[in-house]
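# Summary of structural features
Chain by chain, the residues:
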Amino acid sequence: MRPATEADLAGIIRDATSPLVVQGGGTRAIGQCDGTVLETGGLSGVELYEPGALTLVARAGTPLAEVEALLGKENQRLPFEVPDMRGLLGRTGQSTLGGVVAANASGPRRVQVGAARDSLIGVRFVDGRGAVIKNGGRVMKNVTGYDLVKLLAGSWGTLGVISEVSFKLLPLPEAGATLILPGLSDAQAVAAMSSALGSPFEVSGAAHWPGQGTFLRIEGFSASVAYRADRLRAHLAAYGLAEVEPGTDRWMAIRDVAPFHGRAGDVWRLSVKPSDAPELVVRMGAEAVLYDWGGGLIWALVAPGSDLRARLGVFSGHASRVRGDGPGAFQPEPVGVAALTAGLRAQFDPRQILNAGLMGA
């Protein structure tokens, strides 16, 4: 099913008598659930773009590539650097704005500007009853009751089917540079990234690619980038002599987890305290890892069928299976959180027809 309007979408959900599998472009979905596929790609088109106000409103099925091309003409961007998961997951198709929000898809720039949900200022969606709900607006403002704008981001379609999104935007940077520290151990790399992120030099990316180097990104006006790169290099002198590479091209590979493309095995994504990351990597026995967000995000490539949660035991954070077979792609929630989640689902999808069984639903 592929509705062309929000009214069609509401009618399909309202009349549904069996579970629905909500899908945007199908480029980043993880986990499995059964039901009739409901595609949102027919809900496409930019409804409002005001470059002067740094604001975009678009239907949920609008292709991400179309939006990025439109913003690029005005030297603007979505702030949170959306990852392209097609190479990692072996998918084709076009990522959609609704799918980006549903997954709260956020790249290396999260350390500076926050996640996708932090740039989302308004949302329209259809709940499990078929009711159309709007929250937020086209400018930043406080809301009362549920902050549904934040709640929908990262809910993976389990609370409602997004039909429209509103974003605040940022200008494209004039210039960028990447500092490269070679030869650091994982623990040294995390310490260096933490020091850089805690400095006043406005680092917009901090990643460690074992065997390749530790990478720190600076963006902005040309003169400012040159000054801050030089000062950051001196700031990190205890970790070795950093090479300053003009441009930021290599960050696309980090954003899209390119080191794992074309390699066999399961892929896990762990959100952890950066200081815990090196020890967890030792315990997981992975074939390869990639650290992002200053060590707060670990991508791990492991042998097929590996249960990384069982291998790690209890730790502070959560692990999701992004690629590979097996039950429970998402981290089981603590009892208290699970009760809150169940309450939200009972409120927004009382019939449990939207992505049933995903995320413990």
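From a predicted model like this one, the values you see are computed outputs, not experimental measurements.

What counts, and where the lines are drawn
- Residues numbered from 1 in each chain as written.
- Predicted model: local features only at pLDDT ≥ 70, side-chain atom pairs only at ≥ 80, totals over all residues.
- Heavy atoms only, no water.
- Pairing = 2+ DSSP bridges.
- Helix = DSSP H or I, 4+ residues; strand = E, 2+ residues; numbered from the N terminus.
- Axes fitted to C-alpha atoms, helices over the stretch in contact; angles between N-to-C directions.
- Contact = heavy atoms within 4.5 Å.
- Buried < 20%, exposed > 50% of the residue type's maximum accessible area, 1.4 Å probe, protein only.
- Arc of directions from axis to C-beta.

## Examining the sheet that holds strand 4 (residues 55-59)
Strand pairing in a sheet is mediated by backbone hydrogen bonds. Such pairs are either parallel or antiparallel. What the five strands build is an open sheet, ordered 3-4-8-6-7; its pairing is antiparallel. If you trace the sheet from one side to the other, it starts and ends with strand 3 (46-50) and strand 7 (132-136), each paired once. Across the sheet, the mean angle from the axis of one strand to that of its neighbour is 10 degrees, orientation sign disregarded. Both strand 4 and strand 8 (residues 161-168) contribute to a ladder of five bridges, which runs antiparallel. Bridge pairing links Arg59 to Glu164 in strand 8. Contacts from helix 1 (residues 6-15) reach strand 6 (120-126), strand 7 and strand 8 within the one sheet, and its direction differs from that of strand 6 by about 50 degrees.

## Some words on the pairing of strand 11 (residues 203-209)
Of all seven residues making up strand 11, six are buried, and the element is well covered by its neighbours. With six bridges connecting them, strand 11 and strand 12 (residues 213-220) associate as antiparallel partners. Residue pairing across strands places Trp209 opposite Gly213, the latter belonging to strand 12. Counting the residues that bridge the hairpin from strand 11 to strand 12 gives three residues, and of these Gly211 lies at a positive phi of roughly 90 degrees.

## Looking at helix 2 (residues 64-73)
Looking only at helix 2, the buried set comprises Leu64, Val67 and Leu71. Viewed end-on, helix 2 has its buried residues packed into an arc of 65 degrees, placing them on one side of the element. Remark: Asn75 follows helix 2 within two positions and exhibits a positive phi of approximately 55 degrees.

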